[in-house]
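Listed below, chain by chain, are the residues.
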Amino acid sequence: MSITPTYAWKPDAKVSAALGAEINYVGLNLKKKIAGGAYDSETDGDSTALGWNAAANYAFDSKNEIGLVYRSKVTHSMEADFKAYMVNGMSIKRDAYGKVTLPDSWAIGYNHKFDDKTRVELNATRTNWSTYDALNISLSDLTVPVLPNSINANKNWESGWRYAIGLEHKV
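Being a predicted model, the structure only gives us computed values, none of them experimental.

Chemist: Can you help me understand the overall build of the chain in this one?
Modeler: When you go through the chain residue by residue, the secondary structure sums to zero helices and twelve strands. When its helices and strands are written in sequence order, the chain yields β-β-β-β-β-β-β-β-β-β-β-β. Taken over C-alpha atoms, the radius of gyration comes to 23 Å for the chain, far larger than the 16 Å a tight globule of 171 residues would show. In terms of its C-alpha atoms, the chain occupies a principal-axis envelope of roughly 70 × 30 × 30 Å. For the chain, the proportion of its 171 residues judged to be buried stands at 32%. Put simply, of all contacts in the chain between residues at least 6 apart along the chain, 58% involve residues at least 24 apart.

Chemist: Any chance you could explain the side chain of Thr118 here in plain terms?
Modeler: In this fold, Thr118 is placed in strand E9 (residues 118-127). Excluding residues within four positions of it along the chain, Thr118 makes contact with Lys113, Leu167, Glu168 and His169.

Chemist: Just checking my understanding: could you explain the pattern of salt bridges for this structure?
Modeler: Oppositely charged side chains are able to pair whenever their charged atoms sit close together. The tally for this structure, following the rule as stated, stands at four salt bridges. The residue Arg71 makes a salt bridge to Glu22 at a minimum N-O spacing of 2.7 Å. With Arg71 in strand E5 (residues 64-71) and Glu22 in strand E3 (residues 15-34), this pair connects stretches of sequence that are 49 residues apart. When its relative accessible area of 2% is taken as the criterion, Glu22 is described as buried. A salt bridge links Glu121 to Arg119, with the shortest nitrogen-to-oxygen separation between them at 2.7 Å. Residue Glu121 is classed as partly exposed on the basis of its relative accessible area, which comes to 31%. Given the relative accessible area of 26%, Arg119 is considered partly exposed. One network of salt bridges, with partners in common, ties together Arg119, Glu121 and Glu168.

Chemist: Which parts of the structure should I look at to understand the packing of aromatic side chains?
Modeler: The description of two aromatic rings rests on the distance between their centres and on the angle between their planes. A complete count under the given rule lists eight aromatic pairs for this structure. For the ring pair Trp129 and Trp157, a centre distance of 5.2 Å and an interplane angle of 70° mean the geometry is edge-to-face. Of this pair, Trp129 sits in the loop between E9 and strand E10 (134-139) while Trp157 sits in the loop between strand E11 (150-154) and strand E12 (160-169), placing them 28 residues apart in sequence. By relative accessible area, Trp129 is classed as partly exposed at 33%. Ring pairing ties together the aromatic residues Trp52, Tyr70 and Trp106, which thus form one cluster.

Chemist: It is not clear to me how the nonpolar core should be interpreted in this structure. Could you clarify?
Modeler: One recurring pattern in soluble globular proteins is that nonpolar side chains are buried together. The biggest cluster of nonpolar side chains holds twelve residues, and these are Ile34, Tyr39, Met78, Ala80, Phe82, Ala84, Met86, Ile92, Ala96, Ile137, Leu139 and Ile151. Tallying contributions element by element places strand E6 (residues 74-85) first for this core, with four residues. Discounting chain neighbours no more than four positions away, the residues touching Leu139 are Phe82, Asp95, Ala96, Pro148, Asn149, Ser150 and Ile151.

Chemist: I'm lost on unusual backbone geometry in this one. Help?
Modeler: Outside of glycine, negative phi angles account for most residues, and trans bonds account for most peptide bonds. One non-glycine residue with positive phi stands out, namely Asn156, at about 50°. Tracing the chain through its elements places Asn156 in the loop between E11 and E12. Taking relative accessible area as the criterion, Asn156 reaches 64% and is therefore assigned exposed.

Chemist: Where do I start with the environment of Lys170 in this structure?
Modeler: Within the secondary structure layout, Lys170 lies in the segment after E12. Taking C-alpha positions, Lys170 is 4.9 Å from Lys117, a pair spaced 53 residues apart along the chain. What Lys170 contacts, discounting residues up to four positions off in sequence, is Asp116 and Lys117.

Criteria and thresholds
Residues numbered from 1 in each chain as written. Predicted model: local features only at pLDDT ≥ 70, side-chain atom pairs only at ≥ 80, totals over all residues. Heavy atoms only, no water. Helix = DSSP H or I, 4+ residues; strand = E, 2+ residues; numbered from the N terminus. Rg over C-alpha atoms; globule rule 2.2 N^0.38 Å. Buried < 20%, exposed > 50% of the residue type's maximum accessible area, 1.4 Å probe, protein only. Contact = heavy atoms within 4.5 Å. Salt bridge = Lys/Arg side-chain N within 4 Å of Asp/Glu carboxyl O. Phe/Tyr/Trp six-rings, centres within 6.5 Å; stacked < 30°, edge-to-face > 60°. Core = buried A, V, L, I, M, F, W, Y, C linked by side-chain atoms within 4.5 Å.

Structure below.
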């Protein structure tokens, strides 16, 4: 979840811009097999971190405009609760810690207004998912030899584009 208070200004009829601070909240509930699949585990935690965004918009005329938005990376550091469920029905609880950086993104959009009732919007968004390379969780108090000292999940994601088209019509 993100809350983004933003300051916007419009220096003239064609140009507008905005700058915002992002308050980003992440809730984690990760269920995973560990120790070679021998045990079920569950990690619960949450984190709040800060980011920022900036936007600019240019109106060519009363029917056509283009906009650009940048959203920054957001780095979350999380303390969490870890539980491993044993075959005999017992559970082992540990403190867990992880750090992850959510990717930055760029978006460009174009809007064409056909008349006072109908417009079309085109959008392309580049998200730099390659910066989200792993979700690694370290565990505390490793006195139980069957548990790993960390749970690592390499992501190896690639950055990508998302395209959208929208049509708005007032009835």
